[in-house]
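# A structural walkthrough
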Amino acid sequence: MSPAKEYALLCLENPLLDIQAEGDAALLEKYGLKPNDAILAEEKHLGLYEDLLNNYSAKLIAGGGAQNTARGAQYLLPPNSVVYLGGVGDDKYAAILHDAVKTAGLRVEYRVDPKQPTGRCGVIITDHNRSMCTDLGAANHYDLDHLKSPEVWKLVENASFYFVGGYHLTVCPPAIMALAEEAAKNDKVFVFSLSAPFIPQFFKDPLDATAPYWDYVIGNETEALSYAESHGLETKDIKEIAKHLAGLPKKNEKRSRVAIITQGTDPTIVAEAGKEVVEYEVHAIDKKLINDTTGAGDAFAAGFTAGLVAGESLAQCVDQGQWLAKLSIQELGPS
Ligand code: ADP
Ligand code: MG
Ligand code: MG
């Protein structure tokens, strides 16, 4: 196996501070939120954050899907293995993020925007449901100039694995495409997360532009169904959808694509182009041990991707993803 290389994994998405609290039906109704969803905030949602902090004793937790994945992967890999890119403000929320990533040993190269607040994600927990409402703030101002700046691009060139969270499609598709091209050109590994049902639904075109570059595409069952619907696939069968994703045209033909769809406690579906679909059972934990399922998917992606970086087999990568996800849902927040 190749010797460990520093910062072999480079991740890109939206660094956010989660403002998370136990809520109730009335709170969901007040802001017109579904119990289980992830959306971008509109004008009518902007009071939610103060409401959560003032009236629901919300906790502040470092968040952002791919940032959680990056922290999780760094947790499993040798020191100085993972670097994460995204946009933050210059405020107390950014300071909290800096502390959290430092604790995790994750290197970040943030684009700091002094005029924008750090992004926030309101997370309302009701039973085992979570409703997420994100105001991207400074994360929305990430740009290609930052990615292409000499210090950052050097990190891009050095890395052998890229992990991009689908949420970034709402922010800076050119940065995603630059990483995608770099991966295909140099036979590096490009991992992409579908992130949320609204991505295939409302960001279909930029999503489809990235598809030929996916070496691994990771999503959950609701994201897979949303993909199928927005792309006119006449099936709701997760295995069929995974097969379809794996079989989409591919730019770098030296690697065959793998699609991985998690389904909570139901088996994880793995489709590799040209092969039989494989199901991996989940060893569900006792409901009483579940603290918070926020970020189960991010943790899965972390374990899985760390496995890829370490050169593990596909089955071991899935197993490690499931193991880390299980660990994570027993903690508060995507720890
Ligand atoms: P997301 O958080 O994106 O919705 P999932 O809900 O599919 O993702 O969860 C991702 C993974 O987390 C699952 O494949 C599984 O390995 C693990 N997981 C989720 N819920 C449980 C559970 N109750 N017990 C054990 N593992 C779980
Ligand atoms: Mg789920
Ligand atoms: Mg997820």
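Summarised in this report is the structure supplied together with it. Note that the coordinates shown come from a computational prediction; the quantities given were computed from them, not determined experimentally. (Residues numbered from 1 in each chain as written. Chains lettered and ligands numbered in written order. Predicted model: local features only at pLDDT ≥ 70, side-chain atom pairs only at ≥ 80, totals over all residues.)

So, on to the site of ligand 1. Close contacts around ligand 1 come from 18 residues, with Thr262, Ala296, Gly297, Gln322 and Ala325 the closest. Broken down by secondary-structure element, the contributors of at least two residues to the shell around ligand 1 are strand E12 (258-263), helix H12 (296-309) and helix H13 (314-328). Grouping the amino acids of the shell around ligand 1 by side-chain chemistry returns eight nonpolar, nine polar and one charged. (Near = placed C-beta within 6 Å. Helix = DSSP H or I, 4+ residues; strand = E, 2+ residues; numbered from the N terminus. Nonpolar A, V, L, I, M, F, W, Y, C, P; charged D, E, K, R; others polar.)

It is worth spelling out the packing of H12 against H13 at this point. At a closest axis distance of 7 Å, the pairing of H12 and H13 adopts a crossing angle of 145 degrees. Relative to H13, the crossing made by H12 is right-handed. Packed against H12, whose contacting residues are Ala296, Ala299, Phe300, Ala301, Ala302, Gly303, Phe304, Ala306, Gly307 and Leu308, the element H13 presents Gln316, Cys317, Val318, Gln320, Gly321, Gln322, Trp323, Leu324, Ala325 and Ser328 at the interface. For the contact of H12 with H13, the residue count by class is 13 nonpolar, seven polar and no charged. (Axes fitted to C-alpha atoms, helices over the stretch in contact; angles between N-to-C directions. Left-handed = near helix turned anticlockwise from the far one by under 90°. Contact = placed C-beta atoms within 7 Å.)

Now for the sheet that holds strand E9 (residues 161-165). If you trace the nine strands from one edge of the open sheet to the other, you get E6-E5-E1-E9-E10-E11-E12-E13-E14, paired in mixed fashion. Where the open sheet ends on each side, the last strands, each with one partner, are strand E6 (107-112) and strand E14 (278-280). Within this sheet the neighbouring strands show an average axis-to-axis angle of 20 degrees, counted without direction. Sheet topology places strand E11 (residues 216-220) next to E12; five bridges connect them, and they run parallel. Its bridge partner lying in E12, Val217 is registered against Ala259. (Pairing = 2+ DSSP bridges.)

Moving on, we come to the pairing of strand E2 (residues 16-22). Counting buried positions over the seven residues of E2 gives five, a clear majority of the element. Pairing of E2 with strand E4 (residues 59-63), which is carried by five bridges, proceeds in the antiparallel orientation. Residue pairing across strands places Ile19 opposite Leu60, the latter belonging to E4. (Buried ≥ 20, exposed ≤ 12 C-beta atoms within 10 Å, placed from the backbone.)

Closest axis-to-axis distance for the helix H10 (residues 221-230)/helix H11 (residues 238-247) pair is 10 Å, and the angle between their directions is 70 degrees. Taken together, the axis directions place H10 and H11 in an arrangement best described as roughly perpendicular. Regarding H10 and H11, the two cross each other, and that crossing is left-handed. Here Glu221, Ala224, Tyr227 and Ala228 of H10 lie close against H11, whose contacting residues are Ile238, Ile241 and Ala242. Residue composition of the contact of H10 with H11, grouped by class: six nonpolar, no polar and one charged. (Parallel < 35°, antiparallel > 145°, perpendicular 65-115°, else oblique.)

Worth remembering: the numbers are spatial, not functional.
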